[in-house]
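# Examining the three-dimensional arrangement
Letter by letter, the chains look like this.
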Amino acid sequence: MAEASVSLERYYPLPDGPAQYPLEFIEAKGAIKLREDEGRVEIGLTEKADDQTKNTIRNFHKKEVVFLSINMVELSAYLGKKLGEDDRAEKTGLAIGTDERVLLDKLANDAPIINLVNSICIEGIRSGASDIHIEAGTEKARVRYRIDGVLRTIRTIDSNRFPAISSRIKIMANLNILERRQPQDGRITVSVGEENVDFRVSIIPVAGGESIVLRILGKKAAAGTLDNLGFSRPQLTTLRKLLRIPHGLILLTGPTGSGKTTTLNAMLGEIVSDTLKVIAIEDPVEFIVEGVNQIQINEQIGLGFDVLLRRVLRQDPNVIMIGEIRDTSTAEIAVRAALTGHLVLSTLHTNDSVSAIPRLINMGIEPYLIASVLKGVAAQRLVRKLCPHCAKAVKPSEAEQNIFKRSGMTAKKLYTAGGCGACDNTGYTGRTIIAELFSNDSGLEELIMRRENLSSLNAYVQQNGMTTLLQEGLRKASEGITTLREIEREITLPGGDD
């Protein structure tokens, strides 16, 4: 009879120390002790375990033995964690010499290092991290996960093991394991269960070693919908009205990590239909959107945004999504495409929505062209949402009340993070968008063509109904969606003192 399948996590904490099998036996035989009492022991087995291993275990315990099937990936994660924490693990000093590549290859392909790197990656995926940071130090290397936009130290590893970890990641990403003076970039695809997960790898030299960042890109993950990203109802109405326009330019702005790509893909999801040809040029392809022809740029072979955009225009598209307008060439082609009957969606790095206009002018786009093609701009940030199970209402201080007054708002109460099991004692769960959004009209077109300054442009869009990033953030803080501290982390608050 086949063993029942169970999750390793269900049995945490597992027997440890003398109560557990040696790590070498667990790794070699694919068998681990899950639970034991006076009359019975439960053993987890991977597909590696054979009948001889089962007989050995039965003879060893001389009590009722129950075998259960466990996942090899889960066992590898457990082993990697144990090996990373075990001070008894082999400490290796690397001597520079003619055989260094052979030595590094050997170290990087040792099972403990493989399991350790696998563990770091698997735990990062399961924790919902967007990035994994592995940083060298003088005594300890540090592993941090960025979860909901905030970095958290997950573990420390003896610094002597860092070169082998670095080499293992370089081998996986097909990079040069001997290069430690120049930055290197690569990609890794790993299988976790039945899902393939991509990592974008960035390695740069730092004092004392290297900094390694793995960006987790789950290609099988579906893009979210506009309704669940955090836009207000008026903003959703405006966005959907803009997306019904047959041609023109719609822009998203904000810093790196503000969720622009997620919003763009959600917008594409609203547009997709059997009657439209939709093409997206991305760096990288983070989500698979059904019905969209998605292309990944490759600068190493000369396929940047501008080159691919020229080729894409020959594909007779109705809608084009450009991951980012980085340079004048891409901006010029995007504007030309918007002028010639295409709806173009893209992003810019600016602090607010209105700043997209002078940014395009600085990139060499004539104001009359901007006035003609620009249909709307949204700026956004991501903030952590309060856990609904432990959020606590508090009375605003006088300084906090003044912040609202200076923004033309009031707040009878604010909220603070409590901390409970549901949110892993962090007080937060997930993230939401804070956004501002305006659509172009004849009055704004006139200001653009007159090259009016940023203050005049901002005053006009606010007079015509645009809620600013600050106002949206304060609204969400007063409604208990997030905290004032989270808003302050992303947006400069006005002075609270009179």
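Computed from a predicted model, the values in this text were never measured in an experiment.

Glancing now at the overall build of the protein. Check the secondary structure of the protein and you find 17 helices and 19 strands. Relative to its 498 residues, the protein shows a buried fraction of 49%. Intrachain contacts of the protein at a sequence separation of at least 6 include 63% that bridge at least 24 residues. Taken as two groups, the 62 positive and 64 negative side-chain charges of the protein have centres that lie 2 Å from each other.

Under the defined criterion, the tally for this structure stands at zero disulfides. Looking at Cys420, it has no disulfide partner, and the nearest cysteine sulfur is the one in Cys390, 3.7 Å off. With no disulfide of its own, Cys423 lies 3.7 Å from the sulfur of Cys390, the closest cysteine sulfur. Classification of Cys423 as buried rests on a relative accessible area of 4%.

Pairing within the open sheet is mixed, and its seven strands lie in the order β13-β12-β14-β15-β11-β16-β19. Each of the sheet's edge strands pairs with one partner strand only, and the pair in question is β13 (293-296) and β19 (428-439). Adjacent strand axes in the sheet meet at a mean angle of 20°, parallel and antiparallel pairs treated alike. Across six bridges, the pairing between strand β11 (residues 248-253) and strand β15 (residues 343-348) is parallel.

Time to look at helix α10 (residues 328-339). The end-to-end C-alpha distance of α10 is 16 Å, a good match for the 16 Å that 12 residues give at a rise of 1.5 Å each. All buried positions along α10 are accounted for by Thr330, Ala331, Ile333, Ala334, Val335, Ala337 and Ala338. Where α10 begins, one side-chain oxygen reaches toward the backbone nitrogen of Ser329, 3.4 Å away; that side chain belongs to Asp327. Just beyond α10, the residue with positive phi is Gly341, at close to 100°.

Before going further, it helps to spend a moment on the nonpolar core. Leu249, Leu251, Phe438 and Leu444 are the most contacted members of the largest nonpolar core, which has 39 residues in total. If we ignore the near neighbours within four places in the chain, the residues touching Leu251 are Ile325, Ser346, Thr347, Leu348, Ala356, Leu360, Leu374, Gly376, Val377 and Ala378.

With that settled, the discussion passes to the packing of aromatic side chains. The full count for this structure, using the stated rule, is zero aromatic pairs. A cation sits over an aromatic face here: Lys54 above Phe67, 6.0 Å from the ring centre. Taking the ring centre of Tyr428 as reference, the NZ or CZ of Arg384 above it sits at 4.1 Å.

This part covers the environment of Lys277. Summarising the element assignment, Lys277 is placed in the loop between α8 (260-271) and β12 (278-282). Expressed as a C-alpha distance, the spacing of Lys277 and Asn318, which sit 41 residues apart in the sequence, is 5.2 Å.

At a minimum axis separation of 10 Å, helix α14 (residues 442-449) and helix α15 (residues 454-463) run at an interaxial angle of 180°. Taken as axis vectors, α14 and α15 run roughly antiparallel relative to one another. Where α14 abuts α15, its residues Gly443, Leu444, Leu447 and Ile448 lie against Ser456, Leu457, Tyr460 and Val461. Of the residues belonging to the contact of α14 with α15, the class tally is six nonpolar, two polar and no charged.

Before going further, it helps to spend a moment on the pattern of salt bridges. Summed over all chains, the structure comprises 25 salt bridges. Close ionic contact of Arg155 with Glu123 constitutes a salt bridge, the shortest N to O distance being 3.0 Å. Taken together, the positions of Arg155 in strand β7 (residues 150-158) and Glu123 in helix α5 (residues 111-126) put the pair 32 residues apart, joining distant regions of the chain. Relative accessible area serves as the criterion here: at 18%, Glu123 is assigned to the buried category. Each of the salt bridges in this network shares a partner with another, and the network as a whole consists of Arg35, Arg40, Glu42 and Glu64.

Reading the values: rules and limits
- The residue numbers shown here count from 1 along each chain, following its written sequence.
- Two thresholds apply to this predicted model, a pLDDT of at least 70 for residue-level local features and 80 or more for giving and counting side-chain atom pairs, whereas whole-chain, interface and lining totals are computed over all residues.
- Only heavy atoms go into the side-chain values, all of them from the structure, while hydrogens and water stay out.
- Each helix is a run of H or I in the DSSP string that is no shorter than four residues. Each strand is a run of E no shorter than two, and both are numbered from the N terminus.
- We call a residue buried when its accessible area falls under 20% of the maximum for its residue type, exposed when it is over 50%, and partly exposed in between, using a 1.4 Å probe and counting protein chains only.
- By definition, residues are in contact when any of their heavy atoms lie within 4.5 Å.
- Charge assignment in this entry is limited to Lys and Arg as positive and Asp and Glu as negative, and neither His nor the chain termini are counted.
- We put the charge of a Lys on NZ, of an Arg on CZ, of an Asp on CG and of a Glu on CD.
- Note on terminology: pairs of cysteine sulfur atoms within 2.5 Å are recorded as disulfides.
- Whether two strands pair depends on DSSP finding at least two bridges between them.
- Throughout, an axis means a line fitted to C-alpha atoms (over the contacting stretch in the case of helices), and angles, computed between N-to-C directions, take values from 0 to 180 degrees.
- In a helix, the anticipated span is given by 1.5 Å times the number of residues less one.
- In the analysis that follows, any N or O atom pair within 3.5 Å is treated as a polar contact, provided that within protein one partner can donate a hydrogen and the other can accept it, and provided that, for residues neighboring in sequence, both atoms belong to side chains.
- Buried residues of nine kinds, namely Ala, Val, Leu, Ile, Met, Phe, Trp, Tyr and Cys, make up a nonpolar core once their side-chain atoms join them within 4.5 Å.
- Ring geometry is summarised as follows: Phe, Tyr and Trp rings, the Trp one being its six-membered ring, pair when their centres sit within 6.5 Å, and such pairs are stacked at plane angles under 30 degrees, edge-to-face over 60 and tilted between the two.
- Working rule: Lys NZ or Arg CZ, within 6 Å of ring centre, within 35 degrees of ring normal, means a charge sits over the ring.
- Note on angle classes: values under 35 degrees are labelled roughly parallel, values over 145 roughly antiparallel, values of 65 to 115 roughly perpendicular, and the remainder oblique.
- In this classification, Asp, Glu, Lys and Arg are treated as charged, Ala, Val, Leu, Ile, Met, Phe, Trp, Tyr, Cys and Pro as nonpolar, and every other residue, Gly included, as polar.
- Any carboxyl oxygen of Asp or Glu within 4 Å of a side-chain nitrogen of Lys or Arg constitutes a salt bridge here.

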